[in-house]
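# Survey of secondary and tertiary structure
These are the residues of each chain, in order.
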Amino acid sequence: MRIAVLDDDRSQTDLVCQVLNAAGHFCHPFQSGKELLNQLRRESFDMLIIDWQVPDLSGADVLRWAREKLPANLPVLFMTSRSGEDDIVAGLAAGADDYMIKPIRRGELLARVQALLRRAYPSQNPIEQIQFGNFVFEARTGRLTVSGTPIEVTQKEFDLALLFFRNLGRPLSRAYILEAVWARDVEIPSRTMDTHVSRVRSKLQLRPEHGFRLAPVYSYGYRLEQMTG
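The structure reproduced in this document is the subject of the present report. Only a predicted model underlies this, so the values are computations on that prediction, with no experimental measurement involved. (Residues numbered from 1 in each chain as written. Predicted model: local features only at pLDDT ≥ 70, side-chain atom pairs only at ≥ 80, totals over all residues. Heavy atoms only, no water.)

Following the sequence through the fold, H196 ends up in helix α8 (residues 190-203). Its relative accessible area of 12% is what places H196 among the buried residues. Excluding residues that lie within four positions of it along the chain, H196 makes contacts with K156, E157, L160 and W182. (Helix = DSSP H or I, 4+ residues; strand = E, 2+ residues; numbered from the N terminus. Buried < 20%, exposed > 50% of the residue type's maximum accessible area, 1.4 Å probe, protein only. Contact = heavy atoms within 4.5 Å.)

Structural data, given as structure tokens:
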């Protein structure tokens, strides 16, 4: 999962990112609220972890913006160094899903993050078969069937198709797709991604006449949409 962490104290973002990276997530640290907002306008993240007291833009401001502009199921965890009830109530009332009181404890951080991610993205849990209408993905074998007919796909095409279906209707940035499908191999040419997307569209027949549209989002990335009849 791709997680943005906001805290003006670099030692805190380092600690949080160390824990999350070790658990297999991609952690992106930010030291300023404005810097995070600029990035949120351009990039997709699966979760936000924000410090309630950031000098240039408060956690409350960031949270309000996120709740207004970003997907409703995006989990937000806030961190505060004050254990006063007022801060906690204010954070939860502003739309945060959970909170942690500093100093951050590694085990608790990971447990809270994983619980929020499980709740927000239930279909991401590792299960044998993942079904979306006529499309059935077998996660362990990389086998894909449409209306019972097996479709010949490479592992990357399988991963890419599954990523789009898991995020149906949600625009995904190129950087997000790159990290999710190609992991750390970020040196691939941009046309490689476009070629894979084109193959997925063609092999799975993701066209409006079949109920789906896999389309580019201008200067951002791609989105798979379900067409309503």
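Still more to cover.
A word on the sheet that holds strand β6 (residues 129-132). Spatially, 4 strands are ordered β6-β7-β8-β9 in an open sheet, and the strand pairing comes out antiparallel. Every interior strand has two partners, whereas the edge strands, β6 and β9 (149-151), have only one. Neighbour to neighbour, the strand axes of the sheet diverge by 25° on average, direction disregarded. Pairing between strand β8 (residues 143-146) and β9: 3 bridges, direction antiparallel. Bridge pairing in β9 links L144 to I151. Those strands touched by helix α6 (residues 155-166) are β6, β7 (135-138) and β8, and its axis lies near 125° from that of β7. (Pairing = 2+ DSSP bridges. Axes fitted to C-alpha atoms, helices over the stretch in contact; angles between N-to-C directions.)

Here we come to the packing of aromatic side chains. If you walk through the whole model with that rule in mind, you get 11 aromatic pairs. Three or more aromatic residues link up through ring pairs in this structure, and these residues are F132, F135, F137, F158, F165 and F212. It is R2 that lies over the ring of F45; its NZ or CZ is 4.8 Å from the centre. In this structure, R170 is placed above the aromatic ring of Y176, and the distance from its NZ or CZ to the ring centre is 5.4 Å. (Phe/Tyr/Trp six-rings, centres within 6.5 Å; stacked < 30°, edge-to-face > 60°. Lys NZ or Arg CZ within 6 Å of the ring centre and 35° of its normal.)

A few words now on the pattern of salt bridges. This structure, assessed with the given rule, holds 17 salt bridges. Residue R112 pairs with E108 through a salt bridge whose shortest N-O separation is 2.8 Å. Pair noted here: R112 and E108 are both in helix α5 (residues 106-120), with a separation of 4 residues, about one helical turn. The exposure class of E108 is partly exposed, given its relative accessible area of 21%. (Salt bridge = Lys/Arg side-chain N within 4 Å of Asp/Glu carboxyl O.)

What follows deals with the environment of D159. Structurally, D159 is set in helix α6. Considered as a pair, D159 and G142 are 17 residues apart in the sequence and their alpha carbons are 8.1 Å apart.

For strand β1 (residues 2-6), the buried fraction is high: 5 of the 5 residues fall into the buried class. The two faces of β1 match: R2, A4 and L6 on one face and I3 and V5 on the other face are all buried. Relative to strand β2 (residues 26-30), β1 runs parallel, the two sharing 5 bridges. Across the sheet, the residue bridging to I3 is C27, located in β2.

This next bit is on the state of the cysteines. Here, the word disulfide means a covalent bond between the sulfur atoms of two cysteines. The tally for this structure, following the rule as stated, stands at 1 disulfide. With a sulfur-sulfur separation of 2.0 Å, C17 is cross-linked through a disulfide to C27. In this structure the cystine formed by C17 and C27 twists about its S-S bond by roughly -60°; its chirality is therefore left-handed. Here the residue C17 occupies a position in helix α1 (residues 10-22), and C27 occupies one in strand β2, the gap between them amounting to 10 residues. With a relative accessible area of 7%, C17 lands in the buried category. Classification of C27 as buried rests on a relative accessible area of 12%. (Disulfide = S-S within 2.5 Å.)

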